[in-house]
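So the chains spell out like this:
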Amino acid sequence: MSKISHTADQYRRKFLTGIAGAAAAITIAPGVLLRQVEAAPKAADAAVTDSVRWGMLVITSKLTDGGDKVVQACKKEHGWGDEKHSSTEQQTQWVRKVKVTEKLTKHSFELPVMCQHCETAPCEDVCPTGASFKRADGIVLVDKHLCIGCRYCMMACPYKARSLVHEALQDQKAYSPRGMGTVESCNMCVHRVDEGKKPACVEAEPQAMIFGDLNDADSDISKTLQKFGGKQIRADLGLNTGVRYHGI
Amino acid sequence: MFGKTKFMLMLIALATMLYGCGDVAPEPDESVAKAKAEHCAISDDESEVRKNHMNYLKHKRDRTVHDGIRTKDHSFKECINCHVPKLEGENKLRHTDEKHFCSTCHTYVGVKLDCFECHTDQPEAQDAAKAEGVK
Amino acid sequence: MNTKIVFQEVKSNGVGYWGLLGFLGLFILAGAIAFFTAEHSGHYITGMNNQIVWGLPHVFAIGLVVAASGALNIGSMGTVFGKHIYQPLGRLSGLLAMALLMGGLIVLVLDLGRADRLIVAMTSYNFKSIFAWNIILYNGFMLLVGLYIWTMIDPKMKFLYKIAGSAAFIWRLLLTLGTGSIFGFIVARQFYDAAIMAPLFIVLSFAVGLAMFNLVLMAAYTGTKRPIGDVLINKLRYLLAVFIGGVFLLELARHLTNLYATEHHGIEAFILMGDNIYSTLFWWVQIGVGTVLPLFLIFCSRLKNNRKAFVAASVFVIVGAFAQLYVILIGGQAYPLVLFPNAEVSSSFFDGMVNSYQPSMLELALGLGGMALSLAIVTVAVKVLRFLPVSLADKVVDPHHCKS
């Protein structure tokens, strides 16, 4: 890292300060901005609508540990990943820390990868029963009551974001039911979002992750994205993901 | 012809025998819930609850998963929270146990639920629930 | 339809017949045990995992489904294309098609994470999903082929013979197109994302379906000591060669187009030149055993009219086809997904790594159980209904061009 040329370094620093400013705004000045993040929390008995599109921006350079905390927070919230009988390849994984090293430049960075909440989600298209679906507010979910465990969505997902539960479970979190033979993935903590809270991972790394409404031009996430941009993984697939990254 | 009559007679005999020795339907343990409320959250009418609780649940299920409606009424989580005692460790009342509120009648009528493959059969941790209430 | 052909149930009651059923029964039993074990414990006891999500059961299932549509070809050639020599085989062709489809589907269904929710798969459809369309295609295939067989067996239904046969033929093309498209629609995986997948599956179905048909036919006629002549066998023999060639050409085209696109070089090198099971299977089994060897057995002039060579060629074609499916299905998943082009990636979830897959006995038992079920259905059906002509001797099947 220290080998980057001087100008590049300077450019980079400037760039990062800009983002840091925007991200810090959420934490430093909670009063006004926080209200925007949780713009118009919906009433408990109101259905979600497409006037909102929830999204997440990850600023990789501001992650304390490249994403380990994100993974831990998710695990704790949903209770996945410690299946007793499953091999490491069979363990479920809602989010993982990926280390990327460019072959030519040897530039390396780390980022958490989870369901990218695509607008045109391949999993939704291929699912035979309609169990994979996109909620009106853009969150891609599995309706586990309909899932038959065919794993076609896992074949179709470009991000390897989905897992099949390979064994029987007990004592799941009451707000996050999970069970053998069905497919699961990051659900953007719907149970929290619906109550006006932020996803657990965002709470764990508030300086590096912004959660909010992409449809609302005044939300923090939209403003930051407008100013600094945000890349999609495999943007070439044209999936218009709800999860965006900075620094990849 | 003879075969058929005999078969019918046997069926009737079997049915009478079953009826005769049929034990009384076990009463689900309502004391846990009674300590928290007078009537079931589904309805004040007990027979309505008994007859239709699954329909309320199934309706609510789709409303929650697809529309994000998370009110407490007819919520699976809440049934368990109200109906199942909070016990620790080995004492936990499992859904495989006939004494578990949701299993008493089901074992008797021979209904097998798959809900508990995913949904926990234990009430939510009291302190966590309280903490959330405070927020 | 050739009215001179006499059909009769298999009368055999000997050790051979019941022994065969018993033998198949053992495999079915093993498959059933495998299913209940996995259903009870969950998929952790299989070799499949969250990296290789479809495994050996899917190779079998897809192989059998593809073979099913191919097996119908013999009937279609008689009915739709008026090739009289194949008409006596129409009933067996339809029967085998239905049986193979049943075997394949049962494997597919029993491997579901929640096989108990089959009713959901049958009642809740997402019409955008090619998989859902396949479910409809499978059911329709069963109905149409059933009707087709009925028109052949029941003289009262003969007026529908041509229509049912043609409908079944068109439907079978759709069915294989649908099966091939299961892969074609996967944009994420480099090995699958190609339009050529659908035609490849159609031709592949011709080859495996015919090979299965040949084996069943030879087993039935040898087992029941009914006569079968060289004219028919040679027809089937050369037809098989044509299909083998067809599969080879499309496979060649597929790899060449992949090699043309630079971003697919990695996966092609992995499959064609990798130090792995997939390259071995590709060159030795798919090309060697499944393509070159049967072609040799068919065209070697010293093996002319040699029935053992004919049977062996059919066996090898099936072996080659299953190897090909294994390479496509498992090999395509083993090669890592590309999240970031031109970069090395690593994670706790096997990103950037070649995924390993060790099929378990359980999966093998399930797959073989499905295959055994198909064959058992045929074995039982030919005994209770008139599927097999009493004679397929040259003068019966081809009275006009009979040389002897």
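Residues numbered from 1 in each chain as written. Chains lettered and ligands numbered in written order. Predicted model: local features only at pLDDT ≥ 70, side-chain atom pairs only at ≥ 80, totals over all residues. Heavy atoms only, no water.

**So, the environment of C:Arg226**
Residue and element names in this part refer to chain C.
At step 1: Mapped onto the elements, Arg226 comes out in the loop between helix H8 (197–223) and helix H9 (230–260).
At step 2: Using a relative accessible area of 12% as the deciding quantity, one classes Arg226 as buried.
At step 3: Spatially, the C-alpha atom of Arg226 lies 5.8 Å from that of Ser391, the residues being 165 residues apart in sequence. (Helix = DSSP H or I, 4+ residues; strand = E, 2+ residues; numbered from the N terminus. Buried < 20%, exposed > 50% of the residue type's maximum accessible area, 1.4 Å probe, protein only.)

**Re the interface of chain A and chain B**
For an interface, size is often stated in terms of accessible area lost upon the parts coming together.
At step 1: Tallying the contact residues gives 26 residues for chain A and 20 residues for chain B.
At step 2: When chain A packs against chain B, the two sides together hide about 2,000 Å² of surface, and 52% of this comes from carbon and sulfur.
At step 3: Looking at the side of chain A facing chain B, the largest losses of area belong to A:His145, A:Asp171 and A:Ala174, adding up to 25% of the total buried there.
At step 4: Counting every contact that joins chain A to chain B gives three salt bridges.
At step 5: Across the salt bridge formed by A:Asp194 and B:Arg70, the nearest N and O atoms sit 2.6 Å from each other.
At step 6: Tallied by class, residues from the side of chain A that touches chain B come to 12 nonpolar, five polar and nine charged. (Contact = heavy atoms within 4.5 Å. Buried area = accessible area lost by both parts, 1.4 Å probe. Salt bridge = Lys/Arg side-chain N within 4 Å of Asp/Glu carboxyl O. Nonpolar A, V, L, I, M, F, W, Y, C, P; charged D, E, K, R; others polar.)

**Considerations on the packing of aromatic side chains**
At step 1: Evaluated as defined, the whole model comprises 24 aromatic pairs over all chains.
At step 2: When the ring of B:Phe76 is compared with that of B:Phe116, the centres are 5.6 Å apart and the planes differ by 65°; the resulting orientation is edge-to-face. Residue B:Phe76 is located in helix H4 (residues 76–83), and its partner B:Phe116 is located in the loop between helix H5 (101–109) and helix H6 (126–134); the two are separated by 40 residues in the primary sequence.
At step 3: Centroid distance C:Phe282 to C:Trp283: 4.9 Å. Interplanar angle 90°. Geometry classified as edge-to-face.
At step 4: By the ring-pair criterion, three or more aromatic residues cluster together here, those being A:Tyr152, C:Trp54, C:Phe131, C:Phe183, C:Tyr192 and C:Phe201. (Phe/Tyr/Trp six-rings, centres within 6.5 Å; stacked < 30°, edge-to-face > 60°.)

**A closer look at the pattern of salt bridges**
At step 1: Following the criterion strictly, the structure yields 28 salt bridges over all chains and no others.
At step 2: Of the charged contacts, one joins A:Asp125 and C:Lys128 as a salt bridge, the two residues approaching to 3.0 Å between their closest N and O atoms. Of this pair, A:Asp125 sits in helix H4 (residues 122–126) while C:Lys128 is found in the loop between helix H5 (118–123) and helix H6 (130–153), placing the two residues in two different chains.
At step 3: Looking at A:Asp125, the relative accessible area reads 28%, which means it is partly exposed.
At step 4: A salt bridge links A:Glu184 to A:Arg178; its shortest N-O distance comes to 2.8 Å.
At step 5: Through salt bridges that share partners, B:Asp114, B:Glu117, C:Arg114, C:Asp116 and C:Arg117 make up one connected network.

**Quick notes on the pairing of strand S3 (residues 108–114) of chain A**
Residues and elements named next belong to chain A.
At step 1: Most of S3 sits out of view: five of its seven residues are buried.
At step 2: Pairing of strand S2 (residues 95–102) with S3 involves seven bridges; the strand directions are antiparallel. Bridge assignment links Val100 to a residue of S3, and that residue is Phe109.
At step 3: Taking the residues between adjacent antiparallel strands as the criterion, S2 and S3 are bridged by five residues, where Lys106 takes a positive phi near 65°. (Pairing = 2+ DSSP bridges.)

**Some details on the packing of H9(C) against helix H11 (residues 277–299) of chain C**
All names here are of chain C.
At step 1: Packing of H9 against H11 leaves a shortest axis separation of 9 Å and a crossing angle of 150°. Put simply, H9 runs roughly antiparallel to H11. Considering how the two elements wind past one another, H9 and H11 form a crossing that is left-handed. Here Arg237, Tyr238, Leu240, Ala241, Ile244, Phe248, Glu251 and His255 of H9 lie close against H11, whose contacting residues are Phe282, Gln286, Ile287, Gly290, Thr291, Pro294, Leu295, Leu297, Ile298 and Phe299.
At step 2: Partitioning the contact of H9 with H11 into residue classes produces 12 nonpolar, four polar and two charged. (Axes fitted to C-alpha atoms, helices over the stretch in contact; angles between N-to-C directions. Parallel < 35°, antiparallel > 145°, perpendicular 65-115°, else oblique. Left-handed = near helix turned anticlockwise from the far one by under 90°.)

**Let's talk about the confidence of the model for chain B**
All names here are of chain B.
At step 1: In the predicted model, chain B carries a mean pLDDT of 82, and 75% of its residues have values of at least 70.
At step 2: Taking the mean pLDDT of every element in chain B, the minimum, 45, falls on H6 and the maximum, 95, on helix H3 (residues 46–67).
At step 3: Here the complex is predicted with pTM 0.89, and the ipTM for its interfaces comes to 0.90. (pLDDT = per-residue confidence, 0-100.)

**Some details on the nonpolar core**
At step 1: If you look at the biggest cluster of nonpolar residues, it comprises 182 residues, and the most contacted ones within it are A:Leu111, A:Tyr152, C:Leu217 and C:Phe340.
At step 2: Broken down by element, the residue count for this core peaks at 18 residues, all from H8(C).
At step 3: In this structure, B:Ile80, B:Val84, B:Phe101 and B:Cys102 belong to the second largest nonpolar core, which totals six residues. (Core = buried A, V, L, I, M, F, W, Y, C linked by side-chain atoms within 4.5 Å.)

**Observations concerning the sheet that holds strand S9 (residues 243–246) of chain A**
Residue and element names in this part refer to chain A.
At step 1: What the three strands build is an open sheet, ordered S8-S1-S9; its pairing is mixed. Sheet topology places strand S8 (209–213) and S9 at the edges, where each strand pairs with a single neighbour. Within the sheet, the average angular offset between the axes of one strand and its neighbour, ignoring direction, is 20°.
At step 2: By the bridge criterion, four bridges tie strand S1 (residues 54–59) to S9 in an arrangement that is parallel. In the sheet register, Leu57 faces S9, and the bridge partner there is Arg244.
At step 3: The strands touched by helix H8 (residues 220–228) are S1, S8 and S9; relative to S8, the strand with the most contacts, the crossing angle is about 115°.

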